[in-house]
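# Commentary on secondary and tertiary structure
Now for the letters of each chain:
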Amino acid sequence: MTLNVYLSGEIHTDWREQITRGAQGLDIVFSSPVTDHDASDDCGVAILGAEDNKYWHDHKGAMVNAIRTRKGIEEADVVVVRFGEKYRQWNAAFDAGFAAALGKSLIVLQQPDHDHALKEVDAAALAVAREPSQVVDILRYVLTGKLPG
């Protein structure tokens, strides 16, 4: 069995690399949004033309980025959404809701201090992990039936 795993959420730490490195040797195809923050913010205006109003600047970028995000989530067997410590990631919450609405297996990766704020998101998840290594352990178990250790 091959798993298609979409890694969504915060782009300021190396959590994606920790998961992909830890999952080496497993039959997993990973995908993710564009993680270059500047490119993600500016893709709409770079491709479709400048905007004087910041709202339309951001809106164009969000629309262009949504093409990749929708495809990634729709084709995923498992969606992992990471909520970081520093920023309010409304896009991550949106991706989690979209994945849940599509019936995708959802794993949320967050720290305990976000438990209350994310209680509805967590309720839709099949697992809430605290560390990237726990996500790897879940994926390994799903594919092989082997427990960590």
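Residues numbered from 1 in each chain as written. Predicted model: local features only at pLDDT ≥ 70, side-chain atom pairs only at ≥ 80, totals over all residues. Heavy atoms only, no water.

- Under an unreviewed UniProt entry, the protein chain has the name YtoQ family protein and belongs to Marinovum algicola.

## Topic: the nonpolar core
- By size, the foremost hydrophobic cluster in this structure holds 17 residues, and its most contacted members are Val5, Ile19, Ile28, Val80, Val135 and Leu139.
- The set of elements that each furnish at least two residues to this core consists of strand S1 (3-9), helix H1 (15-22), strand S3 (78-82), strand S4 (105-109) and helix H6 (132-144).
- Beyond its immediate chain neighbours, meaning those up to four positions away, Ile19 contacts Leu7, Phe30, Leu109, Pro132, Val135, Val136 and Leu139.
- Ranked by size, the runner-up nonpolar core spans 14 residues in total, among them Ala76, Val81, Ala96 and Val121. (Core = buried A, V, L, I, M, F, W, Y, C linked by side-chain atoms within 4.5 Å. Buried < 20%, exposed > 50% of the residue type's maximum accessible area, 1.4 Å probe, protein only. Helix = DSSP H or I, 4+ residues; strand = E, 2+ residues; numbered from the N terminus. Contact = heavy atoms within 4.5 Å.)

## Details of the environment of Val108
- With respect to the helices and strands, Val108 occurs in strand S4.
- Considering only alpha carbons, one finds Val108 and Leu143, 35 residues apart in sequence, at a separation of 19 Å.

## Quick look at the layout of surface pockets
- Roughly 900 Å³ of internal volume is contained in the largest pocket.
- Taken together, 29 residues form the lining of the largest pocket, with Ser40, Ala62, Asn65, Asn91 and Asp95 sitting closest to its centre.
- Listing elements by their share of the lining of the largest pocket, those giving two or more residues are S1, helix H2 (37-48), helix H3 (54-75) and helix H4 (90-101).
- Here the element with the most residues in the lining of the largest pocket is H3; it accounts for eleven residues.
- Here the lining of the largest pocket is built from residues that sort into eleven nonpolar, eleven polar and seven charged.
- Approximately 190 Å³ is the volume found for the second largest pocket.
- Lining the second largest pocket are ten residues, with Phe83, Arg88, Gln89, Trp90 and Leu118 positioned closest to its centre.
- Taken together, the residues that form the lining of the second largest pocket break down as six nonpolar, three polar and one charged. (1 Å grid on protein atoms, 1.4 Å probe; cavity = no way out; pocket = protein on both sides within 12 Å on 5 of 7 lines; lining within 4 Å. Points joined across faces, edges and corners; volume = space filled by probe spheres on them. Nonpolar A, V, L, I, M, F, W, Y, C, P; charged D, E, K, R; others polar.)

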